[in-house]
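# Per-entry structural report
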Amino acid sequence: MDMLIGGKHISSDDLAEVKNPYNGEVIDTVPIAHRQTADLAIMEANKAKESLIEMSAFKVSNKLLNVVKKLEDKREEFAKLLTLEVGKPINESLVEVDRSIETLRLSAEEAKRIYGESVPLDAGLNGKGFFAFTQKLPVGVVAAITPFNYPLNLTIHKIAPAIACKNTVIVKPPTEAPLTVIKFCELLNEEFPPGVVNVVTGYGSEVGDYLVCSDEVNKISFTGSVTTGMMISQKAGMKKVTLELGGNDPVIILKDADIDKAVKGIINGAFLNAGQVCMGVKRVIVEEDIADEFARKLVNETEKLIMGNPLDTKTTLGTLISEKAAIQVEETVKNAVEKGAKILTGGVRDGAFYSATVVDYVTRDMDLVVRETFGPIAPIIRVKNLDEAIDVANDTEYGLQAGVFTSDYSSSMRCAQEIEAGTVFVNKQSTFRTDNMPFGGFKNSGVGKEGIKYAFDEMTKTKLIGLNLR
Ligand code: NAD
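Here is a short report on the structure shown in this document. (Residues numbered from 1 in each chain as written. Predicted model: local features only at pLDDT ≥ 70, side-chain atom pairs only at ≥ 80, totals over all residues. Heavy atoms only, no water.)

## Comments concerning the environment of L311
Within the element layout of this structure, L311 appears in the loop between α10 (288–302) and α11 (323–338). The spatial distance from the C-alpha of L311 to the C-alpha of K88 is 8.3 Å, given a sequence separation of 223 residues. (Helix = DSSP H or I, 4+ residues; strand = E, 2+ residues; numbered from the N terminus.)

## Some thoughts on the sheet that holds strand β19 (residues 401–405)
Spatially, the seven strands line up as an open sheet ordered β14-β17-β18-β13-β12-β19-β20, and their pairing is mixed. Each having just a single partner strand, β14 (342–345) and β20 (423–426) make up the two edges of the open sheet. Strand-to-strand, the axes of this sheet are offset by a mean angle of 25 degrees, without reference to chain direction. In this sheet, β19 lies alongside strand β12 (residues 249–253) in parallel orientation, the contact comprising three bridges. Along β19, the bridge assignment pairs I253 with F405. In the packing of α10 onto the sheet, contacts are made with β12, β13 (281–287), β14, β17 (357–360) and β18 (377–383), and the angle to β13 comes to roughly 140 degrees. Taken strand by strand, helix α14 (residues 409–418) contacts β12, β19 and β20, and its axis lies near 170 degrees from that of β20. (Pairing = 2+ DSSP bridges. Axes fitted to C-alpha atoms, helices over the stretch in contact; angles between N-to-C directions. Contact = heavy atoms within 4.5 Å.)

## Focus on the pairing of strand β6 (residues 130–138)
Two elements, strand β5 (residues 118–119) and β6, share two bridges in a ladder whose sense is antiparallel. Pairing of S118 across the sheet is with F133, part of β6. Across nine bridges, the pairing between β6 and strand β22 (residues 460–468) is antiparallel. If you follow K136 over to β22, its bridge partner there is T462.

## Some words on the site of the ligand
Taken together, 30 residues surround the ligand, and among them T146, K172, S225, L245 and E372 come closest. A distance of 2.8 Å separates an oxygen atom of the ligand from a polar atom in the side chain of K172. Between the ligand and the protein, one listed contact pairs an oxygen atom with a side-chain N or O atom of E372 at 2.6 Å. Considering the ligand on its own, with 860 Å² of exposed area, one finds that the protein chains cover 88% of that surface. Every element with two or more residues in the shell around the ligand is listed here: α7 (204–213), β10 (219–223) and α8 (226–235). When residues in the shell around the ligand are grouped by element, the largest group, four residues, is from α7. Among the residues making up the shell around the ligand, the classes are represented as 14 nonpolar, 12 polar and four charged. Residues lining the shell around the ligand come from more than one domain, with at least three contributed by each of domain 1 (3–245 + 445–468) and domain 2 (249–434). (Near = heavy atom within 4 Å. Polar contact = N/O pair within 3.5 Å; in protein donor to acceptor, adjacent residues only side chain to side chain. Areas by Shrake-Rupley, 256 points an atom, 1.4 Å probe, with all protein chains shown as cover. Nonpolar A, V, L, I, M, F, W, Y, C, P; charged D, E, K, R; others polar. Domains from an automatic or database assignment.)

Shown next as structure tokens:
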């Protein structure tokens, strides 16, 4: 597939292969862009700004709704391409496309609700006699840099609010999985003037970095790893920056919990998308009185997962993004076992597959739970009581989401108040998101929020207009 810049398809002699992680087959190629191409995209995005500002909110909203319709019509086609490039089970890809449609629709609706407010300047010293109000204005050109694990929906979480707020966009999709994003941007390009949406493919370290450093880009909206996010925050200068980074989400299971419900939650939370989820359950913190029963039931349910061809509707566990990623997970688990952890089920790698794995007797100092492990692992950390559970939950540089299973009201409220995370769910695993909720972590998990209404704050700048009436 070509890049899309200024409404035109742009190729290059330098091409990168996009491979199906399930069988290694080349699905397609994309250009490896260099700085000159990124520069062209920056120029086209700046040129297109006026065309969008001229458009009424009503028209922008309707155009986004037209794209909703187009994506709905191509739901299966998009889901199949997602599965081919990422290796996730087809049923999960269908959910991602459905959520993408929802994200787009929410943005189209919110495009009609960009309000300012009147500001009582007379509440401040010498402010009497003014009529003042704010206006929310587009920031200009938004660079959207996105990761491989939910390439479509996470990119739409940036593009759709950006355009709804009348910004133009340059997308730098993930190197491993750029195809659905390009295809989606083509749908947008059919509706909006040339240059409103541009896609530049290639390596983050070159084109991504160039976009981050450019003075002609006004905002960076990034989702990806903490390492890249930190680099971006150091280089972005005076631009607005939103960083949605990694997670090491804890889920606490207390002795008064509904164990079956908790098991179901952990199965979904630890193994969805083969564990490659920022808000995936990465640490299962269990009160020791119920740990044996919980572990037995978790193993039982884990062994029901079906690993296989991701295009087969019966498959519930697909591949990781690459064999390299699977090897990394394999080594991290081995390392934990060497330090005393015990594999209860799984622990087997086959190419890019890694089996759904339950590891017990994990301690908080093991690499498996200190760093973000992006694989289908449920590491059980046994604790004595609620105090220790909260202490373990907070013993991390991350703070994306968290969950607690308990039937006790005050324990749930203590977790809600004391766990340092952007979201705490009670009787639900951390791995849950609706596309309208404020989403974004504390600590090293990021800066700023997404979730349509909240993303609008990040995609606009506020101007105050004050009329001196005396
Ligand atoms: P990554 O940081 O390796 O890459 C993300 C994007 O950044 C890619 O498009 C990449 O090409 C680009 N990039 C790489 N180096 C760059 C640079 N120097 N300058 C600019 N751009 C650069 O992340 P990944 O491996 O694709 O994704 C997995 C990570 O993303 C995990 O840590 C996961 O938790 C996180 N994630 C976070 C959220 C969230 O909303 N908080 C959602 C999904 C994934």
